[in-house]
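Summary of the model geometry
Given next are the chains, with one letter for each unit.
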Amino acid sequence: MSTSLDRVDCTPAAAALIQTLMQEHGPLMFHQSGGCCDGSAPMCFPDGEFQISPRDVLLGRVEGCPVFIDKSQWALWSHTTLTLDVVPGRGSGFSIEAPMGVRFITRSTICLPPTDDSQ
Amino acid sequence: MIYADPNTPDSLVQIKSRYANYIGGAWIAPVKGNYFDNITPVTGQAICEIPRSTSEDIDKALDAAHAAFPAWSKTSVAARAAILNKIADRVEQNLEMLAVLETWDNGKAVRETLAADLPLCVDHFRYFASAIRAQQSGTSVLDDGTVAYHFHEPLGVVGQIIPWNFPLLMATWKLAPALAAGNCIVLKPAEQTPLAILVLMELIGDLLPAGVLNVVNDFGVEAGKPLAQSDRVAKVAFTGETTTGRLIMQYASANLIPVTLELGGKSPNVFFEDVWQQDDAYRNKALEGFTLFALNQGEVCTCPSRALIEGSIYEDFMEAAVARTQAIKMGNPLDTSTMMGAQASNDQLEKILSYLDIGKQEGAEVLTGGARMELPGKLAGGYYVQPTIFAGHNKMRVFQEEIFGPVVSVARFDGYAQAMELANDTLYGLGAGVWTRNVNTAYRAGREIQAGRVWQNCYHLYPAHAAFGGYKQSGIGRENHLMMLNHYQQTKNILASYDENAMGFF
């Protein structure tokens, strides 16, 4: 298992939702998605459901649940810290909170604006 | 004109209060009897109930599909093509109604559904009706007495998971080749936009033998997942995002079945300085090409969400581009003069707003827009975002991540080499645009950009018979082209000897 980067936390609302979901589904995991439609959003699965590979990095843990992101995606996000939040929502991929009418969302805080290396 | 809201007396569309799943040629209630509210993003109000299905419903649909497959797979290509043509005719006869319905379900402007989504549906069914008739098998004479015959055979029962940005068109992209090739289908619409596909089934269900096409609604985790995991599907087709794409491949690897995936992009739209050489029709077309980031509210996998402008024309170009963007008319999506409608769901709205925040934090300059659009009256509860232009550089997250909203991030470049470096500096490779009056530059850039679709001096055209699919993390497979038939077919090789003599080994 990769070393945690300690770059993610969650809001009280997200923490409460995670606790509720864990009561029904047991331990959980998150993987931050990219790409179209429901992408650029965190996906929540029963722990172990999503196969973590060496191309993923561990951002940290929220309520004890590991949060992963693709390594190449993280290279582009590394100037930010992430906060999992929850909003009313309509569903997304196979993320387990969707039937409850809510959706996890990733909010970001910029630690240091990225530098433009093209000039 | 303004179309009347569905379920009002003057509307072309009357929506039932509750829908069922379409399984085995019949409307079947979900086994567990649960439903969820379908919301129109136009107003944020619930408009009907949709089955909240589970694996039991998926099993029923798979039973129906497997029962139908032996006969369907043996139908002649002429018979299948005739059915696809009848489906196209039926859609065309109901085009206006379906366009209004699609707008109500998805939120997009009706002028787009009328002019693009629905006419493309019609044409893609007709295209695959033609393609399957014209498809040839191969015969190869290997030597004087040995012949290799290659036959196309359908895969069997396939699972298709449809996105919410073009519900009917994305369903058509997957249905038409799969049906043409002789497969049976279990299709799961997006839970955000299930309605128009169900109404489509009301219109075309009688044209297909029972069980050939089954539609099961649900939240992804409750029925999409069992569909993708099932050992009774021969292939899974998915359009969506990367995490679910990986999960679908993971499930497919357990079943050793193929997948096709379309997973989005961060498409560069590159404008070279000669675009600005003359103030003519072409310059106007190029400015429209820039503004196409707002098509479908930016909810397009190939949204030209990164505009790269050559430094020498940057100021003049952007002044005109901002003006063009500010001329986008927002309002009631059912008004044919409205140019941009509502985002498809509340969580999509929230995600876009979070990226507007990220862009500002990163130091990107907001040239126009940058906030939610507040509309009056009944639209106040809908999910509207101002078309937004960020100016910044390619390392910012708003240049690297798919926002899936009406947001374009603009950077300048100096010279061809830097244009290509920036264009290719992305995890994705689905679409790209190249704008130049110089045919050599257009050709070289088109070849050098690592994307499955490069539009030269145009953008956002999706005709049948032009292959569409991704490089890099944008997916696997090529839709909209006869080569998609191969993604729904097995190859049967019969290797025949016409020689009476033994090989001589034993």
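Everything discussed here concerns the structure shown above.
Here the structure is a predicted model, which is why all the values come from computation and not from measurement.

Criteria and thresholds
Residues numbered from 1 in each chain as written. Chains lettered and ligands numbered in written order. Predicted model: local features only at pLDDT ≥ 70, side-chain atom pairs only at ≥ 80, totals over all residues. Heavy atoms only, no water. Helix = DSSP H or I, 4+ residues; strand = E, 2+ residues; numbered from the N terminus. Rg over C-alpha atoms; globule rule 2.2 N^0.38 Å. Buried < 20%, exposed > 50% of the residue type's maximum accessible area, 1.4 Å probe, protein only. Areas by Shrake-Rupley, 256 points an atom, 1.4 Å probe, with all protein chains shown as cover. Lys, Arg positive; Asp, Glu negative; His and termini not counted. Charge placed at Lys NZ, Arg CZ, Asp CG, Glu CD. Pairing = 2+ DSSP bridges. Axes fitted to C-alpha atoms, helices over the stretch in contact; angles between N-to-C directions. Contact = heavy atoms within 4.5 Å. 1 Å grid on protein atoms, 1.4 Å probe; cavity = no way out; pocket = protein on both sides within 12 Å on 5 of 7 lines; lining within 4 Å. Points joined across faces, edges and corners; volume = space filled by probe spheres on them. Buried area = accessible area lost by both parts, 1.4 Å probe. Salt bridge = Lys/Arg side-chain N within 4 Å of Asp/Glu carboxyl O. Nonpolar A, V, L, I, M, F, W, Y, C, P; charged D, E, K, R; others polar.

It is worth spelling out the overall build of chain B at this point. Counting its regular elements, chain B contains 15 helices and 22 strands. Relative to the globule expectation of 23 Å for 506 residues, the C-alpha radius of gyration of chain B, 24 Å, shows essentially globular dimensions. Among the 506 residues that make up chain B, the fraction classed as buried is 63%. Accessible surface for chain B amounts to roughly 17,700 Å². Of this, 52% is attributable to carbon and sulfur atoms. Positive and negative side-chain charges of chain B, numbering 39 and 53 respectively, have mean locations separated by a distance of 2 Å.

Residue and element names in this part refer to chain A. The mixed open sheet is built from three strands, whose spatial order is 1-6-7. Two strands lie at the open edges of the sheet, namely strand 1 (8-10) and strand 7 (102-110), each paired on one side alone. Adjacent strand axes in the sheet meet at a mean angle of 30°, parallel and antiparallel pairs treated alike. Inspection of the sheet shows strand 1 paired to strand 6 (residues 80-88) by three bridges, in the parallel sense. Within the sheet, the bridge partner assigned to Val-8 lies in strand 6 and is Leu-82.

So, on to the sheet that holds strand 4 (residues 56-62) of chain A. Residues and elements named next belong to chain A. As summarised here, the arrangement of the four strands in space is 3-2-5-4, forming an open sheet in which the pairing is mixed. Where the open sheet ends on each side, the last strands, each with one partner, are strand 3 (42-46) and strand 4. Going from strand to strand, the sheet's axes swing by 25° on average, the running direction of each strand aside. In terms of strand pairing, strand 2 (residues 28-32) meets strand 5 (residues 65-70) through three bridges, oriented parallel. Paired with Gln-32 across the bridge in strand 5 is Ile-69. Against the sheet, helix 1 (residues 12-25) makes contact with strand 2, strand 3, strand 4 and strand 5, and its axis sits at roughly 125° relative to strand 2, the strand it touches most.

Glycine aside, residues mostly have negative phi, and peptide bonds are mostly found in the trans state. Not every positive phi belongs to a glycine, and Ser-40 of chain A is a case in point at roughly 55°. Inspection of the secondary structure puts Ser-40 of chain A in the loop between strand 2 and strand 3. Within the chain, His-460 of chain B stands out as a residue other than glycine whose phi angle is a positive 60°. Within the secondary structure layout, His-460 of chain B lies in the loop between strand 19 (453-456) and strand 20 (471-472). By relative accessible area, which is 9% here, His-460 of chain B ends up buried.

For the largest pocket, the calculated volume is near 740 Å³. Lining the largest pocket are 35 residues; nearest its centre among them are Glu-112, Leu-292, Leu-295, Tyr-459 and His-460 of chain B. Within the residue set of the lining of the largest pocket, elements represented by two or more residues are helix 4 (110-134), helix 5 (167-180) and helix 9 (281-291) of chain B. Within this model, the second largest pocket holds a volume of roughly 230 Å³. Arg-55 of chain A together with Thr-242, Arg-246, Leu-263 and Gln-473 of chain B are, among the 17 residues lining the second largest pocket, the residues nearest its centre.

With that settled, consider the interface of chain B and chain A. Taken together, the contact pairs 58 residues of chain B with 53 residues of chain A. The contact between chain B and chain A buries some 4,400 Å² in all, and 55% of this surface belongs to carbon and sulfur atoms. Counting across the interface, chain B meets chain A through three salt bridges. Residue contributions to the side of chain B that touches chain A peak at eleven residues, all from helix 11 (residues 346-362) of chain B. Of the residues in the side of chain B that touches chain A, the class split is 20 nonpolar, 19 polar and 19 charged.

On to empty space enclosed by the protein. Taking a probe equal in size to a water molecule and rolling it over the atoms shows the remaining empty space. One pass over the structure, following the stated rule, counts six cavities of 30 Å³ or more. Size it by volume and the largest cavity reaches roughly 150 Å³. Surrounding the largest cavity, 19 residues form its lining, Asp-38 and Gly-93 of chain A together with Ile-161, Ile-162 and Phe-238 of chain B being those nearest its centre. Residue classes in the lining of the largest cavity are distributed as eight nonpolar, seven polar and four charged. Looking at the second largest cavity, its volume works out to about 90 Å³. Listing elements by their share of the lining of the second largest cavity, those giving two or more residues are strand 7 of chain A together with helix 11 of chain B. Its residues placed into classes, the lining of the second largest cavity shows five nonpolar, three polar and four charged.

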